[in-house]
Amino acid sequence: MSDETVGSLLAVIANSLNDGLRILMFADKRAWGSDEFEQLRLLEETLDEAKKDFQELPALVNGRFYYENDRISESLEDLRILCTRFELHAQTFKDWVRQGGGPIDPNWAHETTALRHDLHRAQCRAARRIHTAQQVDSATGSARCLGALQVYRIQQRPNVGVEEERSVCAQTGRFERFGEHDVAFVCDFCDGFLVWEDLRAVPTTRLQQHQPQSTQNANSNTNTNTNEPTSATNTTSTPLAQNTGGNDDGSGATASTNWQARGITMTTGEAKTIVFAPVAIANHLPPELGDFRCRVLCPHCDEYYYEEQGEDDMERIRYVQDARGFDGVKALQEHLEWSHASIVPTSSCGIM
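Residues numbered from 1 in each chain as written. Predicted model: local features only at pLDDT ≥ 70, side-chain atom pairs only at ≥ 80, totals over all residues. Heavy atoms only, no water.

## Quick look at the side chain of H284
Threshold: A run of H or I in DSSP counts as a helix once it spans at least four residues, and a run of E counts as a strand once it spans at least two, with each numbered from the N terminus. A 1.4 Å probe rolled over the protein chains alone gives each residue an accessible area, and that area as a share of the maximum for its type sets the label: buried under 20%, exposed over 50%, partly exposed in between. By the convention used here, residues are in contact when the closest approach between their heavy atoms is within 4.5 Å.
With respect to the helices, strands and loops of the structure, H284 is situated in the loop between helix 11 (277-281) and strand 6 (305-307). Owing to a relative accessible area of 1%, H284 belongs among the buried residues under this scheme. The contacts of H284, once residues within four sequence positions are left out, are R144, C145, A148, C187, C190, L194, C294, R295 and V296.

As structure tokens, then:
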């Protein structure tokens, strides 16, 4: 239909979810077991997450007007398919109550979970398409994926903690095994893959995780009468902040400068240094046409440029970093180790 929009199709999906919820909420619960209550919970969480996405994603594309009234064909097709799937899912509960209730099929819960995930991805992709169209009209647009921009902006805030980084990464995509030995992050916005090779599990903290500023202040207040540092973290973070001009709390410039994490190889069980996942996620680009792997920008080379001979300023400026970035996480790590060795945090006796 010509009057379909992202907003109107999401309203149809919301109505189907509400239909299923009403049936379960008013059903006779006296004979219910864990499966029935789990199904009710999943439907409630699916509707809550859909509402949350509908409220938060428009802010990424300059407002609700653009999001609700979007008519990009790919987004409408995704949502039409989901409308049919949610209507069939709601019909399942209508048929169930007409037949007198009884035990619920546990497979319905798996279907609800799959629909929830697919709806979240569909809303993220719709926002990404709007963002991409807006960048075409903007000369100053960022090459980063819209999902990457969310993590990148968090890392630029003062006093950001690792929990905050991990939380926004979880809203951007998910980790899954990739083959027998590798781990991949799959972005919900661009469907691109970031792959860490030969890795047992993704580390949740950096190799040298700095404390938030508030925690450091509390430590310093309780040790005002001593001349010794309060922790080994404080001992090594001070020169790092002097070198980078950032805070020593792992925020701002330091959140990307402190890029190392310690992982375990899948093949041999040995320790290895990798790029901390939020750093790679914050700097990934949408995959190129026909590819599924994301290229990655270096967070330190964004503003680096040099000048060549030319008639005006714009002709003389050449940026160090290619706009296409690096061919994956491994190539980014090699670049960081070779080109930015002076800002790599080093271990100290206090930590060892």
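## Looking at the environment of V168
Inspection of the secondary structure puts V168 in helix 7 (residues 162-172). Put simply, V168 and G147 are 21 residues apart on the chain and 9.1 Å apart in space, counted from C-alpha to C-alpha.

## Considerations on the pattern of salt bridges
Put simply, the test is: By salt bridge we mean one thing: a side-chain nitrogen of Lys or Arg within 4 Å of a carboxyl oxygen of Asp or Glu.
This structure, assessed with the given rule, holds 24 salt bridges. The closest approach of N and O atoms between R116 and E49, which form a salt bridge, is 3.4 Å. Highlighted residues: R116 in helix 5 (residues 107-136) and E49 in helix 2 (residues 34-56), separated in sequence by 67 residues. For R116, a relative accessible area of 25% puts it in the partly exposed group.

## Description of helix 1 (residues 6-25)
Put simply, the rule reads: A helix's residues, less one, multiplied by 1.5 Å, set its expected span.
For helix 1, built from 20 residues, the straight-helix expectation of 28 Å at 1.5 Å per residue is met to within 8% by its first-to-last C-alpha distance of 28 Å. Turning to helix 1, its buried residues are V6, G7, L9, L10, I13, S16, L17, G20, L21, I23 and L24. For helix 1, the elements touching its buried residues are helix 2, helix 3 (64-68), helix 4 (73-98) and helix 5.

## Notes on the nonpolar core
Inclusion rule: Buried residues of nine kinds, namely Ala, Val, Leu, Ile, Met, Phe, Trp, Tyr and Cys, make up a nonpolar core once their side-chain atoms join them within 4.5 Å.
Within the largest apolar cluster, 68 residues are counted, with the highest numbers of intra-cluster contacts made by I13, Y67, L79, L194, W196 and V275. Filtering out sequence-adjacent residues up to four positions away, W196 remains in contact with F175, D182, V183, F185, I274, V275, A277, A280 and V329.

## Observations regarding the packing of helix 1 against helix 4
Where we set the bar: Only the contacting stretch of a helix is used when fitting its axis, a line to C-alpha atoms as for every element, and angles between N-to-C directions run 0 to 180 degrees. Every angle not falling under 35 degrees, over 145, or within 65 to 115 is termed oblique; those three ranges are roughly parallel, roughly antiparallel and roughly perpendicular. Less than a right angle of anticlockwise turn of the near helix away from the far helix marks a crossing as left-handed, whereas a clockwise turn marks it as right-handed. Each residue gets one of three labels, nonpolar for Ala, Val, Leu, Ile, Met, Phe, Trp, Tyr, Cys and Pro, charged for Asp, Glu, Lys and Arg, and polar for the others, Gly among them.
The N-to-C vectors of helix 1 and helix 4 enclose an angle of 15°; their axes lie 9 Å apart at closest approach. With respect to helix 4, the axis of helix 1 lies roughly parallel. Here helix 1 and helix 4 pass one another in a crossing that is left-handed. Among the residues making up the contact of helix 1 with helix 4, the classes are represented as 17 nonpolar, three polar and four charged.

## A closer look at unusual backbone geometry
Although it is not a glycine, N62 adopts a positive phi angle of roughly 70°. Of note, D191 is a non-glycine position whose phi angle comes to about 60°, a positive value. Examined against the element boundaries, D191 turns out to sit in the loop between strand 2 (182-187) and strand 3 (193-196).

## Digging into the sheet that holds strand 3
The following threshold applies: Note on pairing: two strands pair once DSSP finds at least 2 bridges between them.
Taken in spatial order, the three strands make up an open sheet running 1-2-3, and their pairing is antiparallel. The sheet terminates laterally at strand 1 (173-178) and strand 3, the two strands that pair on one side only. Taken over all neighbouring pairs, the strand axes of this sheet differ in orientation by 25° on average, direction set aside. Taken together, the four bridges between strand 2 and strand 3 define a ladder with antiparallel strand orientation. Bridge assignment links F185 to a residue of strand 3, and that residue is L194. Contacting strand 1 and strand 2, helix 7 crosses the sheet at an angle of about 80° to strand 1.

## Remarks on the side chain of H120
Rules: Residues adjacent in sequence count toward polar contacts only when both atoms are side-chain atoms; beyond that, a polar contact is any pair of N or O atoms within 3.5 Å, and within protein one must be able to donate a hydrogen and the other to accept it.
Along the chain, H120 turns up in helix 5. Looking at H120, its side chain comes within polar contact range of the main-chain oxygen of Q171, at 3.4 Å. Every residue in contact with H120, bar those within four places of it in the chain, is listed here: E49, D53, Q171 and D188.

## Focus: the packing of aromatic side chains
Two measures describe an aromatic ring pair: the distance that separates the ring centres and the angle between the ring planes. Stated formally: Pairing of aromatic rings covers Phe, Tyr and the six-membered ring of Trp, with a centre-to-centre limit of 6.5 Å; geometry is then stacked below 30 degrees between planes, edge-to-face above 60, and tilted otherwise. Put simply, a charge is over a ring when the Lys NZ or the Arg CZ is close to the ring centre, within 6 Å, and near the line of the ring normal, within 35 degrees.
Counting across every chain of the model gives nine aromatic pairs. On the numbers, 5.6 Å between centres and 85° between planes, the contact of F93 with W108 is edge-to-face. Taken together, the residues span a long stretch of sequence, with F93 in helix 4 and W108 in helix 5 at a distance of 15 residues. Here F93 and W108 have matching classes, each one buried. Judged by centre distance (5.5 Å) and plane angle (85°), the rings of F193 and F292 are edge-to-face. Of the two residues, F193 sits in strand 3 while F292 sits in the loop between helix 11 and strand 6, which places them 99 residues apart along the sequence. Since its relative accessible area comes to 17%, F193 is described here as buried. Residue class for F292 comes out partly exposed when judged on its relative accessible area of 37%. Cluster of aromatic residues (ring-pair linked, three or more members): F175, F185 and W196. Looking at K29, its charged tip hangs above the ring of W32, at a distance of 5.2 Å from the centre. Sitting over the ring of Y152, R144 keeps its end group 4.0 Å from the ring centre.

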